[in-house]
Amino acid sequence: MVPESGRSRLAETPGSAPIVARTMAAMAHRVTLIPGDGIGPELAEATRRVLDASGVAFEWELVDAGEAVMARYGTPLPDHVIESIRRNRVAIKGPITTPVGSGFRSVNVALRQALGLYASLRPAKSIPGIESRYRDVDLVIVRENTEDLYAGIEHMVGPDAAESIKIITRAASERIARFAFEYAVANRRHKVTAVHKANIMKLTDGLFLESCRTVAADYAGRIEFEDRIVDNMCMQLVQKPELYDVLVLPNLYGDIISDLAAGLVGGLGVAPGANIGTEAAVFEAVHGSAPKHAGQNKANPTALLLSGVLMLRHLGELEAAERVEQAVIDVIAEGRAVTYDLGGSAGTSEMADAIIARLAGAPATIS
Ligand code: NAD
């Protein structure tokens, strides 16, 4: 294992060069902020307040997407939302509800396609103070975001059968494999594991595996490479997650395994994520809009806050990222100002207040 001191907790993002490099200290980072549906607005507000308290200057461009704007624009993803992200090249978003079975298509999938956000990055690292079966999980899930069964090509074949087409290309597979290896190099990780089902899907997953092997050859001697069949990977992850480091997966397996990895470190409330492309990056929690908790100031802001930490690193604000991350960890470890899912009774905004107090060097004041 790479020594803890040798790597950042939530790390730097390759693929799109860190947007930043602010030339003047006073220049603010202009970031698109999408509150989202359900618990999204409460979490987005908590995250914005904490990021503003980090000392980094932000200029937030607030735009709405999702259920809330359907009636007004006739679409959950109005063009001006995409234009805002294109212009600013960085966005942070709350979760957006996707109707099951019918209704509009996933805004998240549409955003990833419209902006070419080809890499989904989901770190899963144990946090002291969060109850879970493991203490030393430190995984990074790199998921291909644009093709596979999520390409959305499905149709009925007569009244009683449906067909969905799995697309895997060499170009997209090599691109995501390179992202995973570059991430490993930039963040001093030591191993990349490709996850697939090439024993059964010999052509599609076979091509994904072959592409990973091709890219791995460029990193020989620097980053170890291995592969696992996805079902075996699931068992390995619940039995000995400490053996794994960076995982690279096609879209569907990546979606499933990132939730599994979130479960290893304390659940969806603490799992951050990022969607990264060459033109833009969108930072968001792994969890959804949890409608049953909406408007109750109850949901855990940690996942979106840690997505904000990923964003700070992407923006080159490494020192602020460390401080915000440490403040989140300290407040969780202390256990006094945490939300219900972490065994506490604090609300979303009180947990954010405690983190802001930590950032300011003051003790948390929640009773
Ligand atoms: P969900 O993640 O919203 O909720 C599952 C359960 O996890 C919740 O009932 C809640 O108990 C818990 N949970 C989730 N986030 C939490 C938090 N921050 N704090 C405390 N507990 C939390 O998953 P779901 O119910 O399957 O999906 C609800 C909606 O969200 C669906 O419409 C789905 O399509 C959408 N969704 C959106 C995104 C996204 O925008 N990126 C991701 C996943 C799901």
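Structure's up top.
This structure is a prediction, so every number in the text was calculated from the model and none was measured.

K.L.:
Hey, could you run me through the overall build of the protein in this one?
P.N.:
Helices and strands together make up the secondary structure of the protein, namely eleven helices and twelve strands. Split into buried and exposed, the 367 residues of the protein put 54% on the buried side. A separation of at least 24 residues holds for 75% of the contacts in the protein among residues at least 6 apart in sequence. For the protein, the exposed surface amounts to about 15,200 Å²; the carbon and sulfur share of it is 54%.

K.L.:
Sorry if this is basic, but what is going on with the sheet that holds strand β10 (residues 246–249) here?
P.N.:
Strand pairing within a sheet occurs via backbone hydrogen bonds; the two strands may be parallel or antiparallel. Reading across the sheet, the ten strands line up as β2-β1-β3-β12-β11-β4-β5-β10-β8-β9 and stay open at both edges, with mixed pairing between neighbours. Among the strands making up the open sheet, the edge pair consists of β2 (58–62) and β9 (224–229). In this sheet, adjacent strand axes meet at a mean angle of 25 degrees when their direction is disregarded. With four bridges connecting them, strand β5 (residues 138–144) and β10 associate as parallel partners. Pairing of Arg-143 across the sheet is with Leu-249, part of β10. Where helix α1 (residues 40–53) meets the sheet, its contacts fall on β1 (29–34), β2 and β3 (90–93), and the angle it forms with β2 comes to roughly 160 degrees. Where helix α3 (residues 79–88) meets the sheet, its contacts fall on β1, β2, β3 and β12 (281–284), and the angle it forms with β1 comes to roughly 155 degrees.

K.L.:
Mind showing me how you'd approach the environment of Gly-152 here?
P.N.:
Secondary-structure assignment places Gly-152 in the loop between β5 and β6 (154–156). A sequence separation of 13 residues divides Gly-152 from Ile-165, and the C-alpha atoms of the two residues are 7.8 Å apart.

K.L.:
Just checking my understanding: could you explain unusual backbone geometry for this structure?
P.N.:
The phi angle of most residues is negative, glycine excepted, and most peptide bonds adopt the trans form. Phi is positive for Asp-148, close to 70 degrees, though the residue is something other than glycine. The topology assignment puts Asp-148 in the loop between β5 and β6. Residue classification places Asp-148 among the buried positions, given a relative accessible area of 1%. Despite not being glycine, Asn-297 has its phi angle at roughly 50 degrees, a positive value. Within the fold, Asn-297 resides in the loop between β12 and α9 (302–314).

K.L.:
What is the right way to look at the pairing of β9 in this model?
P.N.:
Every regular strand shows the same layout, with side chains that alternate between the two sheet faces. Sheet topology note: the strand β8 (residues 191–196)/β9 ladder contains six bridges and is parallel. Counterpart to Ala-194 in the pairing with β9 is Asp-227. After leaving β8, the chain enters helix α6 (residues 204–217) and then returns to the sheet as β9, a path that is right-handed.

K.L.:
Teacher, can you tell me more about the side chain of Thr-193 here?
P.N.:
The residue Thr-193 is located in strand β8 in this model. Note on Thr-193: relative accessible area 0%, which makes it buried. Among the polar contacts made by the side chain of Thr-193, one reaches the side chain of Glu-226 at a distance of 2.8 Å.

K.L.:
Would you explain the packing of helix α5 (residues 170–186) against α6 in this entry?
P.N.:
Axis angle and axis distance: for two packed helices, these are the angle between their axes and the distance between the axes, and together they describe the pair. One way to put it is that α5 packs onto α6 with a least axis distance of 8 Å and a crossing angle of 45 degrees. Compared by their axis directions, α5 and α6 come out oblique. The way α5 lies across α6 gives a crossing that is right-handed. Counted together, Arg-170, Ser-173, Glu-174, Ile-176, Ala-177, Arg-178 and Phe-181 of α5 and Leu-207, Phe-208, Glu-210, Ser-211, Cys-212, Thr-214, Val-215 and Ala-216 of α6 form the full contact between these two elements. Here the contact of α5 with α6 is composed, by residue class, of eight nonpolar, three polar and four charged.

K.L.:
When you look at the site of the ligand in this model, what are you seeing that I'm missing?
P.N.:
In the vicinity of the ligand, 22 residues are found, and the nearest of them are Ile-96, Thr-98, Gly-288, Ala-290 and Asn-300. In the model, a nitrogen atom of the ligand is placed 3.3 Å from a nitrogen or oxygen of the His-287 side chain. Within the contact set of the ligand, an oxygen atom lies 3.4 Å away from a side-chain nitrogen or oxygen of Lys-292. Protein chains shield 70% of the accessible area of the ligand, which is 810 Å² for the free molecule. The residue inventory of the shell around the ligand, partitioned by class, reads nine nonpolar, nine polar and four charged.

K.L.:
Help me understand the packing of α1 against α9, please; the structure alone is not making it clear to me.
P.N.:
Contact geometry for α1 and α9: axes closest at 9 Å, N-to-C directions at 45 degrees. Of the possible angle classes, the one that applies to α1 and α9 is oblique. In the crossing of α1 with α9, the sense of the turn from one axis to the other is right-handed. Taking contact as the criterion, the partners of Leu-43, Ala-44, Ala-46, Thr-47, Val-50 and Leu-51 in α1 are, on α9, Leu-304, Leu-305, Gly-308, Met-311 and Leu-312. Residues of the contact of α1 with α9, tallied by class, amount to nine nonpolar, two polar and no charged.

Each value, and the rule that gives it
Residues numbered from 1 in each chain as written. Predicted model: local features only at pLDDT ≥ 70, side-chain atom pairs only at ≥ 80, totals over all residues. Heavy atoms only, no water. Helix = DSSP H or I, 4+ residues; strand = E, 2+ residues; numbered from the N terminus. Buried < 20%, exposed > 50% of the residue type's maximum accessible area, 1.4 Å probe, protein only. Contact = heavy atoms within 4.5 Å. Areas by Shrake-Rupley, 256 points an atom, 1.4 Å probe, with all protein chains shown as cover. Pairing = 2+ DSSP bridges. Axes fitted to C-alpha atoms, helices over the stretch in contact; angles between N-to-C directions. Right-handed = clockwise from strand over helix to strand, strands pointing away. Polar contact = N/O pair within 3.5 Å; in protein donor to acceptor, adjacent residues only side chain to side chain. Parallel < 35°, antiparallel > 145°, perpendicular 65-115°, else oblique. Left-handed = near helix turned anticlockwise from the far one by under 90°. Nonpolar A, V, L, I, M, F, W, Y, C, P; charged D, E, K, R; others polar. Near = heavy atom within 4 Å.

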